[in-house]
Amino acid sequence: MSIRKQYLQSKPVCKATFRIPEEVGISAKTAHIVGDFNNWSFFSTPMNKLKSGAFTATLELEPGREYQFRYLLD
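Residues numbered from 1 in each chain as written. Predicted model: local features only at pLDDT ≥ 70, side-chain atom pairs only at ≥ 80, totals over all residues. Heavy atoms only, no water.

Draft legend 1. Up close: unusual backbone geometry. Backbone geometry at N39 places phi at a positive 55°, although glycine is not the residue there. Here N39 is to be found in the loop between strand 3 (31-35) and strand 4 (48-49). In this structure, D74 is a non-glycine residue whose phi angle is positive, near 45°. As for its position among the elements, D74 is in the segment after strand 6 (69-73). (Helix = DSSP H or I, 4+ residues; strand = E, 2+ residues; numbered from the N terminus.)

Written out as structure tokens, the structure is:
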């Protein structure tokens, strides 16, 4: 699992790209991110499955904060 952060100069947000690698995601049909940034809602943040089997999702988060989250597969 990995997270890549990109701070934007045009607005005060951090683009966070979450990734589940193909060796973990290949056997899953769906993946979601749940956390305090979406009120732990299963439906709010589905991840996109890539041809390789990996999953990704990009969120715009408020910089300077800590977030709690989990990945949910199937």
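Draft legend 2. Seen up close, the packing of aromatic side chains. Enumeration according to the criterion identifies six aromatic pairs in this entry. With a centroid separation of 6.3 Å and 35° between ring planes, the pair formed by F18 and F37 is classed as tilted. Residue F18 is found in strand 2 (residues 14-20), and its partner F37 is found in the loop between strand 3 and strand 4; the two are separated by 19 residues along the sequence. Judged by relative accessible area, F18 falls into the buried class, the value being 2%. Ring centres of F69 and Y71 lie 5.5 Å apart, and the angle between their planes is 90°; on these two criteria the pair is classed as edge-to-face. (Phe/Tyr/Trp six-rings, centres within 6.5 Å; stacked < 30°, edge-to-face > 60°. Buried < 20%, exposed > 50% of the residue type's maximum accessible area, 1.4 Å probe, protein only.)

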